[in-house]
Amino acid sequence: MPSRSDQVVAMLVALTALSACRDKNQPDAYGNFETTEVVVSAETSGQLLWFKADEGQPLAHDQLVGVIDTTQLALQQRQLAAQRAAATSHVTEVGQQLDALRVQYEIAGRNYERIKRLIADQAATAQQLDQAERDYKVLGEQIQAAEAQQRSVAEDVKSTDARRAQISQQLAKSRITSPVAGTVLARYTDRGEFVQPGQPLYKIANLDSMILRAYVNETQLARVKLGAPVNVSIDTGGKSRRTLAGIISWVSPEAEFTPTPIQTRDERKDLVYAVKVRVANPGGIVKIGMPADVRF
């Protein structure tokens, strides 16, 4: 029969082994899941004629989810189209007038030069020379005025085109599409409401892949490598847990003081480094804010 001292030694060995086992099973870090959330806002003003973005609804990239009333914009676009047609016609008309004036100007110039030669030969009067010079100068001034008018009308056409392009862009923005593929997390408005540019309409996030933000101390930092695989453990109800495969996607280059709700393996360390672990989310088992353990 073993002596009492032998029993004490055996008990100490067992407690030491149990303590070592517990330390070995202790997670390296703790964290919570998050994802990139996108708040989609209205880009133009008007009544929301149609809107289909219910909470929990999956949306594809560029999927149409709503339409804002564009009646006034459409009327403005028609008005601008009519103005452009009139301005373009005016440009053509002024161009034709310029062509005629340039022909007359050339003829007047030749006549002016001819009268000057006749004056030299004493075959024309000074009155004829003055009239030829006056006709020549007047036509030159008319050409300058017509050219200025042509430039002004051409600028009107450009301004109208710019305004039409702006309205076309606003018309395009009246169609609300999903900027990313994901699941609707929150809905902020309903059909029939009047919305303004910048007003939030709904929030969406891709839940197929989640990010676990955890914190490690300086001692653990040497074991954390970008792209390295890790094991992430989550509760699945009761005492059971599920282990998911993760990849380290980011390591903070700066240390920070330990956040209040965060635990680390060595809590005596005040400075920690944030790391992000990307984890696939099969069947949506992982939820935003869910806690998890990490083992490197």
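Everything quoted here is computed from the prediction, not taken from an experiment. (Residues numbered from 1 in each chain as written. Predicted model: local features only at pLDDT ≥ 70, side-chain atom pairs only at ≥ 80, totals over all residues. Heavy atoms only, no water.)

Asks: I'm lost on the overall build of the protein in this one. Help?
Replies: Helix and strand counts for the protein stand at 4 helices and 15 strands. By the burial criterion, 30% of the 296 residues in the protein qualify as buried. Per element, the accessible surface of the protein, about 18400 Å² overall, is 52% carbon and sulfur. (Helix = DSSP H or I, 4+ residues; strand = E, 2+ residues; numbered from the N terminus. Buried < 20%, exposed > 50% of the residue type's maximum accessible area, 1.4 Å probe, protein only. Areas by Shrake-Rupley, 256 points an atom, 1.4 Å probe, with all protein chains shown as cover.)

Asks: What exactly am I supposed to notice about the packing of helix 2 (residues 71-120) against helix 3 (residues 126-173) here?
Replies: Angle between the axes and distance between the axes are the two parameters that describe a pair of packed helices. Where helix 2 contacts helix 3, the axes come no closer than 7 Å and their chain directions differ by 160°. One way to sum up the angle between helix 2 and helix 3 is to call them roughly antiparallel. Between helix 2 and helix 3 the crossing geometry is left-handed. Looking at the contact of helix 2 with helix 3 residue by residue, the classes come out as 26 nonpolar, 16 polar and 9 charged. (Axes fitted to C-alpha atoms, helices over the stretch in contact; angles between N-to-C directions. Parallel < 35°, antiparallel > 145°, perpendicular 65-115°, else oblique. Left-handed = near helix turned anticlockwise from the far one by under 90°. Nonpolar A, V, L, I, M, F, W, Y, C, P; charged D, E, K, R; others polar.)

Asks: Would you explain the packing of aromatic side chains in this entry?
Replies: A ring pair, where both rings are aromatic, is described by two values, the distance of the centres and the angle of the planes. Taken as a whole and judged by the stated rule, the model has 3 aromatic pairs. Aromatic side chains F51 and Y202 sit 6.2 Å apart centroid to centroid with 50° between the ring planes, which places their arrangement in the tilted category. Pair noted here: F51 is in strand 3 (residues 46-51) and Y202 is in strand 9 (residues 200-205), with a separation of 151 residues, a long-range link. The burial state of F51 is the same as that of Y202; both residues are buried. Members of the aromatic cluster, each reached through a chain of ring pairs, are Y105, Y112 and Y136. In this structure, K276 is placed above the aromatic ring of W250, and the distance from its NZ or CZ to the ring centre is 5.1 Å. (Phe/Tyr/Trp six-rings, centres within 6.5 Å; stacked < 30°, edge-to-face > 60°. Lys NZ or Arg CZ within 6 Å of the ring centre and 35° of its normal.)

Asks: Sorry, what's going on with the nonpolar core here?
Replies: Side chains of nonpolar character tend, in soluble globular proteins, to be buried together. F33, L212, V232, I234 and V277 are the most contacted members of the largest nonpolar core, which totals 21 residues. Only strand 1 (29-34), strand 10 (209-217), strand 11 (229-235), strand 12 (241-251), strand 14 (271-280) and strand 15 (291-295) provide two or more residues apiece to this core. Those residues in contact with V232, other than ones at most four positions away along the chain, are F33, L212, R242, T243, L244, V277, V279, A292 and D293. Grouped together as the second largest cluster of nonpolar side chains are 14 residues, A42, L59, I68 and V184 included. (Core = buried A, V, L, I, M, F, W, Y, C linked by side-chain atoms within 4.5 Å. Contact = heavy atoms within 4.5 Å.)

Asks: Before we go on, may I ask you to explain the side chain of T35 in this structure?
Replies: Relative to the elements of secondary structure, T35 occurs in the loop between strand 1 and strand 2 (37-41). Looking at T35, its side chain comes within polar contact range of the main-chain oxygen of N206, at 3.1 Å. Excluding residues within four positions of it along the chain, T35 makes contact with A205, N206, L207, S209, M210 and I288. (Polar contact = N/O pair within 3.5 Å; in protein donor to acceptor, adjacent residues only side chain to side chain.)

Asks: I'm lost on the sheet that holds strand 7 (residues 182-187) in this one. Help?
Replies: If you walk across this open sheet you meet the 4 strands as 2-9-7-4, and the pairing is antiparallel. Unpaired on one side and paired on the other, strand 2 and strand 4 (58-59) mark the two borders of the sheet. As paired elements, strand 2 and strand 9 share 5 bridges and run antiparallel to each other. The residue bridging V40 from the neighbouring strand is Y202, located in strand 9. (Pairing = 2+ DSSP bridges.)

Asks: What is the right way to look at the sheet that holds strand 8 (residues 194-195) in this model?
Replies: Strand pairing within a sheet occurs via backbone hydrogen bonds; the two strands may be parallel or antiparallel. Taken in spatial order, the 4 strands of this open sheet run 6-5-3-8, and their pairing is antiparallel. Each edge of the open sheet carries a strand with a single partner, namely strand 6 (175-177) and strand 8. Note: strand 5 (residues 64-68) against strand 6, 3 bridges, orientation antiparallel. By the bridge assignment, V67 is partnered in strand 6 with R175.

Asks: What is the right way to look at the pairing of strand 10 in this model?
Replies: Counting buried residues in strand 10 gives 7 out of 9 residues, a clear majority hidden from the surface. Both strand 1 and strand 10 contribute to a ladder of 4 bridges, which runs antiparallel. Bridged to E34 within strand 10 is I211. Pairing geometry for strand 10 and strand 14, over 9 bridges, is antiparallel. Residue pairing in the sheet places N217 in a bridge with V272 of strand 14.

Asks: I'm lost on the environment of R187 in this one. Help?
Replies: When you line up the elements, R187 lands in strand 7. What makes R187 partly exposed here is its relative accessible area of 23%. A sequence separation of 16 residues divides R187 from K203, and the C-alpha atoms of the two residues are 6.5 Å apart. If we skip the residues at most four places from it in the chain, R187 touches F51, A53, D54, E55, L201 and Y202. A distance of 3.2 Å separates a polar atom in the side chain of R187 from a polar atom in the side chain of D190.

Asks: Would you explain unusual backbone geometry in this entry?
Replies: Keep in mind that most residues, glycine aside, have a negative phi and that most peptide bonds are trans. One non-glycine residue, D62, lies in positive phi territory at about 70°. Secondary-structure assignment places D62 in the loop between strand 4 and strand 5. The backbone phi angle of Q122 is positive, close to 60°, even though this residue is not glycine. Of note, Q122 is situated in the loop between helix 2 and helix 3. Exposure remark for Q122: the relative accessible area of 74% places this residue in the exposed category.

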